[in-house]
Each structure stands twice: as structure tokens, then as C-alpha cells.
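A structural walkthrough
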Amino acid sequence: MPAAAGSSFDADNLPYGVFVQESSPSTPPRLGVRIGSHVVDVAGLATSSYDGDARPLTAGGLAPLMAAGPGVWGTVRSWLQQLLTDPAAEAVVVPHLVPLSEVTMRLPFEVADYVDFYASLDHASNVGRILRPDGEPLMPNWRHLPVGYHGRAGTVVVSGADVRRPCGQRKPPEAEVPVFGPSTRLDVEAELGFVVGVPSTPGSPVGTAAFGSHVFGVVGVNDWSARDIQAWEYVPLGPFLGKSFATSVSAWVTPLAALAGARTHLPGQDPQPLDYLRVDEPAGYDIAVEVELNGEVVSRPPYASMYWSPAQMLAHLTVNGASLRTGDLFASGTISGPDPSQRGSLLELSWGGREPFHAGGRERTFLEDGDEVVLRYSAPGALGRIALGEVRGRILPADLAGHHR
Ligand code: CA
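From a predicted model like this one, the values you see are computed outputs, not experimental measurements.

1. With respect to the overall build of the chain
When helices and strands are counted, the chain shows eleven helices and 27 strands. Taking all 405 residues of the chain together, the buried fraction comes to 52%. In the chain, the proportion of contacts linking residues at least 24 apart, taken out of those at least 6 apart, comes to 72%. For the chain, the accessible area works out to roughly 17,200 Å², and carbon and sulfur atoms hold 54% of it. Of the side chains in the chain, 29 bear a positive and 43 a negative charge, and the two mean positions are spaced by 4 Å.

Here it is, written out as C-alpha cells:
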């Protein structure tokens, strides 16, 4: 049945993605929406049964719909929900259903700019304790603004893409001078990403109350991180090559409307932030995350524990007048909860590599070649729990042959 009642991808979820059918790989990628274990070919369905302007649905990718704004987002979602839950519409829908097993998912949108925040109090505190055990865990600015940096949009890849172990310059603590070679401290960062649909005007900040007017939806994010490269290079300008080799996102973009039932209050902010960062509650999202290493769950970070809300991240990102483009992606930073079982990076799970954790029946610290990491996300929906798109990636050995003058 199209409605997929009881599935975590039921008619109250309806994430968007871009797919090609494996039986016709030369046809252009098309916009799809996931229902149960099928993809609805939205362009095909729209051509036969959408009353409004179907161009945002038939243009190919997701960007035209993302750019169309909240009015169109709501209309399209209602149209899909009506068709997918009305038994009388089954004959209209079924010809446009494609089994997931017969499609390949593409990157759902071209990433315009990519920004990564650092919004978890527990993650920031853990990293501070690991890297600066004798100092204050948090920098003086941390509780006053959502700290972030601009990442590399062009290396954002879709779930399922392999990730090659990066090489780079690093300086082991005992070494006098830096060395070059494959990262030996390759890590994951379990994050949530927010996808901008509606652009903004240069010079005009986007306030916290305008979050829902610009942000189309949510993706899962794995911000792969080479801790040894990062540790040597990051002073004083922040993350660079230790992060920019790859960032994986889910193939599915969950619309904000599907997460209405997941809204929750922030854990609390002290001190009160400046006026431009004030936010109407509930501003947080109750999304459960699982970090799976080679098929075994090694951590369960709770997104509800995040200190800064996505609306505050967006307001801070634009407060200087920097404008938004369709396809901008901003991620939360590593999600970690207060409990050791809720740490969203191997850096934290192994406490800097000094306290190995157990997985696969042995002691583990950082990623090994061949490891596969899957991030899974779920949230309360209107009827039952809904799933967000998973983020899957496998580590390939470093390309040593590529390094010669
Ligand atoms: Ca990150």
C-alpha cells in the first residue's frame, strides 16, 4: 500500500531525494519522495495529477522545490499526503512507485556554502578536557555565540560513497618536526545538517524567527575528521585540511514539517544570549542518533541535548549581513550527550586514543581501513517514530601512489 502505515517512512515523513533508476542509468536524475520501501517518482506523478505549477517538481533535482518557499513546500506535502493515504488514489500513484532496491540515490542538492558549528556543550567540553586537560574546557566565547567555521562545499558526498583516508602533515607529540603521511587518527563526527531553500538579501540578517522561512529541511551529516592533521594545522585559523577531504550527508532531506512533533525545549542557556540570538521555544529537536561501527552501535547521541538551536546558528551565520543561497548547508557540530555512551566522535569515545573502547570484540580507538560507519536518526512523528536518512561510508586505504613531486 502506498501509505506505508507502520513504517518509519510513512506518509507523515516523506523525505525528498534525487534518484536514477538502475535500469535506465542514462536518464537524468529525478526528484523522488520516500514512502516505505519505495520511491515516488514525483515528476511523473506531478505531470499526471498536480493541479498547481508543477515546474519545481519536474525540473530534475530538489533545488527548484527548495527555492520555492514554505507556501509551495506545504502545498506539495499536502498533495503527496492526500494521494498516498487515499485508497481511491492508488491507481494514480502505483505507476509512479519504484522499489528502493532499483534506484541509486544521488547527492540531493548541489551544496552552495557549507558551514559547520560546534553547538554541543558536552562535545565542546569533552574536546576541551581531552586537548587542554589543565585549562578551562570551554573558550570564553562559547556560551555567547554558536562557534562555527566555513567548510568545503565541493567535497560533500552522498551516503554510500567511500571515503579515502587522507594524507597530510602532522606532528606526533614526541617528534621534533612534522612528518607527512596517512592520517593515523581518522574519526567520525555524528551531526545534523540544515538545508537552506530560500535565499536572503545581501546585507540583511535572517533573524531567529525567520528560520522556517528559509530552511527547507534536515540531513544527517558525518563530518569525517583527521585529528592528527587537525591538531597540527588548526592554530590560529581553525579547521582546514583535517576536515575538508570529505563530508557525508544522507541521501534523504527530511522536510521541517515532518519534524513538527520533534520540537523540544533547549536544555537552557546561561548567560542569556544577546538579543539577536534570542529564540522562541521550543527551539530544539528531539532526534535520536545512533553511531554504528561495522554493524555494531557504539554510541547513541541525543540531539535534544544540543545547547544552541539551529535558528540561532542561522541568525549568527547571517548577523553580519552574509546572504544565503539555495543549497547552503549548515551542520550542528558533533552531537554528544552527557553520558559516555552518548559521545558522537571516536576522539571522545576513546578519550583522545588513551582509553580504547570495545567494538567488534576488541579494543578500538580511531578508524581503520575497511571500517564502515553508519549514522542513523529517528524522531517522534505524528503517529509513530519516523526515520531520517542514514549516512553510510566506508574507509578506503590512503592513496600513497598519488604523492610525488
Ligand atoms: Ca564537525
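More follows now that the structure is in view.
2. So, helix 6 (residues 121-131)
Since one α-helical turn is 3.6 residues long, residues separated by three or four positions face the same way. For helix 6, every residue scored as buried is listed here: His123, Ala124, Ser125, Asn126, Val127, Gly128 and Ile130. Close packing links the buried residues of helix 6 with helix 11 (346-349).

3. Things to note about the UniProt feature "binding site: substrate" (unreviewed entry) in the chain
In this numbering, the UniProt entry assigns the feature "binding site: substrate" (unreviewed entry) to Tyr118, Arg132, Gln230, Tyr234 and Thr334. On the secondary structure map, tyrosine 118 appears in the loop between strand 6 (114-117) and helix 6. You can call tyrosine 118 partly exposed: its relative accessible area is 26%. When residues no more than four places from it in sequence are discounted, the contact partners of tyrosine 118 are His123, Ala124, Val127, Trp142, Val147, Ser332 and Gly333. Tracing the backbone shows threonine 334 in the loop between strand 22 (329-331) and helix 11. For threonine 334, a relative accessible area of 1% gives the class buried. Excluding residues within four positions of it along the chain, threonine 334 makes contact with Ser120, His123, Glu189, Ala190, Glu191, Met306, Gly344, Ser345 and Glu348. Within polar-contact distance, the side chain of threonine 334 engages the side chain of histidine 123 at 3.4 Å.

4. As for the pairing of strand 27 (residues 391-396)
Alternating residues of strand 27 divide into Val391, Gly393 and Ile395, all buried, and Arg392, Arg394 and Leu396, none buried. Both strand 9 (residues 163-164) and strand 27 contribute to a ladder of two bridges, which runs parallel. In the strand pairing of strand 27, arginine 164 is matched with leucine 396. Where strand 25 (residues 372-380) meets strand 27, four bridges bridge the pair, whose relative direction is antiparallel. Bridge pairing in strand 27 links valine 374 to arginine 392.

5. A look at the sheet that holds strand 4 (residues 97-99)
Strand order in the open sheet formed by five strands is 4-3-2-1-5, with antiparallel pairing between adjacent strands. A single partner strand is all that each edge strand has here, and the edge strands are strand 4 and strand 5 (103-106). Pairs of neighbouring strands in the sheet enclose a mean axial angle of 50°, with direction left out of account. Two elements, strand 3 (residues 38-41) and strand 4, share three bridges in a ladder whose sense is antiparallel. In the strand pairing of strand 4, valine 39 is matched with valine 98. Along the sheet, helix 1 (residues 42-49) contacts strand 2 (30-35) and strand 3; its crossing angle with strand 3, the most-contacted strand, is approximately 45°. Helix 4 (residues 70-85) rests against strand 1 (16-21), strand 2 and strand 3 of the sheet, and its axis sits at about 65° to strand 1.

6. A short note on the domain arrangement of the chain
Once the domains are mapped, the chain shows domain 1 (2-106) and domain 2 (119-403). Placing the centre of domain 1 and that of domain 2 at their C-alpha centroids yields a distance of 29 Å. Residue-level contacts link 25 residues of domain 1 with 25 residues of domain 2. Between domain 1 and domain 2 lies a buried interface of about 1,800 Å² when both sides are counted; carbon and sulfur atoms form 72% of it.

7. Some details on the side chain of glutamate 348
For glutamate 348, the position within the fold is in helix 11. We note that glutamate 348 is buried and unpaired, the nearest opposite charge coming from arginine 343 at a distance of 5.3 Å. Here the side chain of glutamate 348 touches asparagine 126 through a polar contact of 2.9 Å, side chain to side chain. There is a polar contact of 2.9 Å between the side chain of glutamate 348 and the side chain of serine 336. When neighbours within four sequence positions are excluded, glutamate 348 is seen to be in contact with Asp122, His123, Asn126, Ile130, Thr334, Ser336 and Arg343.

8. A word on the pattern of salt bridges
Under the defined criterion, the tally for this structure stands at 18 salt bridges. Between aspartate 187 and arginine 227 there is a salt bridge, with the nearest N and O atoms lying 2.8 Å from each other. Here aspartate 187, found in strand 12 (residues 186-187), pairs with arginine 227, found in helix 8 (residues 227-233); they are 40 residues apart in sequence, far enough to count as distant. Classification of aspartate 187 as buried rests on a relative accessible area of 0%. Of the charged contacts, one joins glutamate 368 and arginine 362 as a salt bridge, the two residues approaching to 2.8 Å between their closest N and O atoms. Residue classification places glutamate 368 among the partly exposed residues on the basis of a relative accessible area of 31%.

9. With respect to unusual backbone geometry
Residue proline 236 is bonded to the preceding valine 235 through a cis peptide linkage, with omega at 0°. Note on placement: proline 236 falls in the loop between helix 8 and helix 9 (241-244). Omega for the peptide link from aspartate 270 to proline 271 comes to 5°, which places this bond in the cis form. Turning to its location among the elements, proline 271 is positioned in the loop between strand 18 (263-264) and strand 19 (284-285). Of note, the phi angle at alanine 4 is positive, near 55°, even though the residue is not glycine. Relative to the helices and strands, alanine 4 resides in the segment before strand 1. The exposure class of alanine 4 is buried, given its relative accessible area of 13%. Backbone geometry places leucine 14, a non-glycine residue, at a positive phi of 60°. Mapping leucine 14 onto the fold places it in the segment before strand 1. In this structure leucine 14 comes out as buried when scored by relative accessible area, which is 1%.

Rules behind the numbers
Residues numbered from 1 in each chain as written. Predicted model: local features only at pLDDT ≥ 70, side-chain atom pairs only at ≥ 80, totals over all residues. Heavy atoms only, no water. Helix = DSSP H or I, 4+ residues; strand = E, 2+ residues; numbered from the N terminus. Buried < 20%, exposed > 50% of the residue type's maximum accessible area, 1.4 Å probe, protein only. Contact = heavy atoms within 4.5 Å. Areas by Shrake-Rupley, 256 points an atom, 1.4 Å probe, with all protein chains shown as cover. Lys, Arg positive; Asp, Glu negative; His and termini not counted. Charge placed at Lys NZ, Arg CZ, Asp CG, Glu CD. UniProt positions renumbered as here; feature names shortened; annotations may be inferred. Polar contact = N/O pair within 3.5 Å; in protein donor to acceptor, adjacent residues only side chain to side chain. Pairing = 2+ DSSP bridges. Axes fitted to C-alpha atoms, helices over the stretch in contact; angles between N-to-C directions. Domains from an automatic or database assignment. Buried area = accessible area lost by both parts, 1.4 Å probe. Salt bridge = Lys/Arg side-chain N within 4 Å of Asp/Glu carboxyl O.

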